[in-house]
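Okay, here's what each chain looks like letter by letter:
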Amino acid sequence: MSGSTETRQSGGCALGRRLRVAPILVVLFAGACVQVQPQPDYDRAHELMRQTTGRSEVYDPSVAPLTPEAIATTLAAGLSLDEALRISLLNNRELQAEFYEIGIAHAEWVQSGLLSNPSLDVLLRFPAGGGRSGLEGSLVTDLLELWRLPLREQAARHDLDATVLRIARRAAEQVAKTRLAYFHAAATEELVRVDDENVALARRSFQSVTDLREAGSADDLDQAVAAGPVLDARIALESARLEAGDARRDLARELSVQSDVGAVRLLDVLPDVAPAVPDAEAMVRAALAGRLDLRAMQKAVEAAEARLDLESRAAWGDVSGGFSAERPAGEGATIRGPALGLTLPIFDQNQAGVAKARFERDRLQRSYEAARVEVAQDVRSAIDRLRAAGTTLAILTSELFPQAERALSLAQTSYSEGRATLVVLIEAQRRVLDARRDRTRLREAAAIAAAELELTTGLRAHGQVPAQ
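This structure is a prediction, so every number in the text was calculated from the model and none was measured.

Rules behind the numbers
Residues numbered from 1 in each chain as written. Predicted model: local features only at pLDDT ≥ 70, side-chain atom pairs only at ≥ 80, totals over all residues. Heavy atoms only, no water. Helix = DSSP H or I, 4+ residues; strand = E, 2+ residues; numbered from the N terminus. Buried < 20%, exposed > 50% of the residue type's maximum accessible area, 1.4 Å probe, protein only. Contact = heavy atoms within 4.5 Å. Phe/Tyr/Trp six-rings, centres within 6.5 Å; stacked < 30°, edge-to-face > 60°. Pairing = 2+ DSSP bridges. Axes fitted to C-alpha atoms, helices over the stretch in contact; angles between N-to-C directions. Polar contact = N/O pair within 3.5 Å; in protein donor to acceptor, adjacent residues only side chain to side chain. pLDDT = per-residue confidence, 0-100. Expected span 1.5 Å × (residues − 1).

Asks: Please clarify how the overall build of the chain should be interpreted in this entry.
Replies: Along the backbone of the chain there are twelve helices and four strands. Taking all 468 residues of the chain together, 41% fall into the buried category. Look at the contacts in the chain between residues 6 or more apart in sequence, and 80% of them connect residues 24 or more apart.

Asks: When you look at the packing of aromatic side chains in this model, what are you seeing that I'm missing?
Replies: Describing an aromatic ring pair means giving the distance of the ring centres and the angle of the ring planes. Counted by the stated rule, this structure contains two aromatic pairs. On the numbers, 5.2 Å between centres and 40° between planes, the contact of Y42 with F99 is tilted. Within this pair, whereas Y42 is found in helix α3 (residues 39–53), its partner F99 is found in helix α6 (residues 93–112), the two being separated by 57 residues in sequence. We note that Y42, like F99, is buried.

Asks: Could you clarify how one ought to interpret the sheet that holds strand β2 (residues 134–142) in this entry?
Replies: To summarise the sheet geometry, strands pair through backbone hydrogen bonds and adopt either a parallel or an antiparallel arrangement. Here four strands make up an open sheet; going across it, the order is β1-β2-β3-β4 and the pairing antiparallel. Two strands bound the open sheet, and with one partner strand each, they are β1 (119–125) and β4 (335–342). Direction aside, neighbouring strands of the sheet carry axes that sit 20° apart on average. Strand direction decides the pairing type here: β1 and β2, joined by seven bridges, are antiparallel. Counted as the bridge partner of S119 is V140 from β2.

Asks: Explain the pairing of strand β3 (residues 319–327) here, please?
Replies: Where a strand is regular, its side chains alternate between the two sheet faces. Bridge analysis of β2 against β3 gives eight bridges, and the strand direction is antiparallel. By the bridge assignment for β3, L139 is matched with F323. In terms of strand pairing, β3 meets β4 through eight bridges, oriented antiparallel. Bridging across to β4, S320 finds its partner in G341.

Asks: Would you take a moment to explain the side chain of N92 for this structure?
Replies: In this structure, N92 sits in the loop between α5 (81–91) and α6. You can call N92 buried: its relative accessible area is 2%. Within polar-contact distance, the side chain of N92 engages the backbone nitrogen of E94 at 3.1 Å. If we ignore the near neighbours within four places in the chain, the residues touching N92 are I87, R170, Q174, R253, E254, L255 and S256.

Asks: I would appreciate a short explanation of the confidence of the model for the chain in the present structure.
Replies: Atomic detail in the predicted coordinates should be set aside for any region of low pLDDT. Here the chain averages 84 in pLDDT, and 90% of its residues register 70 or above. Ranking the elements of the chain by mean pLDDT puts helix α1 (residues 2–19) last, at 36, and α5 first, at 94. Low confidence marks residues 1–28, where pLDDT is under 50. Its contacts with residues over four positions away, or in another chain, come to 22 contacts. Under a pLDDT of 50 for its full length, residues 462–468 has, in the predicted model, 24 contacts with residues more than four places off or in other chains.

Asks: Help me out: how do you make sense of helix α12 (residues 422–457) in this one?
Replies: Along an α-helix, residues three or four positions apart point the same way, because every turn accommodates 3.6 residues. Taking 1.5 Å per residue, 36 residues should reach 52 Å; α12 reaches 52 Å between its end C-alpha atoms and fits that length. Looking one or two residues beyond α12, the residue adopting positive phi is G458, at roughly 80°.

Next comes the structure, spelled out in structure tokens:
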């Protein structure tokens, strides 16, 4: 780069010897060494990602990505939730693609700090009667750009900051999506086991009725009725297997894995209880203060403010200044002096540009205010869902499910002794089957509600605020 700079500077000096403007050219060509190096902004995004996700490893364009072989090795040993989150943050292609927006915003910020190139005009005249030709040259640049440059750079800087915050928020969303996909895959895998057990239970009940029929204590109608739950359980098992396959593929999408993950063993199971419910208003305050996307929207409003000021300054028109030199034809002496050009803002005072910038500023401000309202209500809804899931799961686990199992045991005994009808037995069996599936679904709902609360608040762990 230094060699390139020296070349440009030596060329400027040669031109300066012709037009005597070497000092001006040195300043104008100083921007030739500007480089686009977005790594510090990548690092800022990484730090925000670590704070909001709690993950130490995040995607970095300057670091070699995970290889398919490394991912395959991890999947072959079984996939934990921790490994799923790690692979997702390092390997998700959508997140990687969005990460480059930081580099784009950084490049635009660098560009915003550069002056426009100067204009060099050269006019060569040949005398009709022969003799020495005339030469006229002028080198001019926009002077008012020096006044507008700080605002232009400020607006681009706010845009860059907003992009960093938005991409960091995107990483938190990616962690949440992967966690939800993992929970759903774990839930559907458990439902397959539950439905498989339900098939076995229905078959045992059917076999009991068959044995009673052979002993003369049941008839063909009893056996036909007992066959119904077996068929229902088998259909539910096939549906559960299909849902489990879809859930595995959804998880693979979040990991950006092309291979079939149907046989991958999930090492973590759904939690048995829901987390404690935090204080709603404390969570709302924390979300409004810490959500990165809200901070990004605020930066966008600040960028719009800077652009409004920039458009207001554009109403002054343009002022160009520089140096002019003329060597007239014949034997006249060379004429040198400053050059000045003005654009008079008579017809166009940039009223439309100012109005457009003001409308855009106001639009972004209202969108920001609307987002704060939505975040506050989303947090309260997420807390209500977490509370409902936890309460329902506790009731089902401690009361409803044990009661259903006791009722089934009593119904089986009573039916075998002839004291209860087959309808009572089938109903007791159905309640147990439903309770098993509901317990799995509620455990999934509680895990999802906790993950969604973390995403909605922008906090890594909602236990950071006092519980109710």
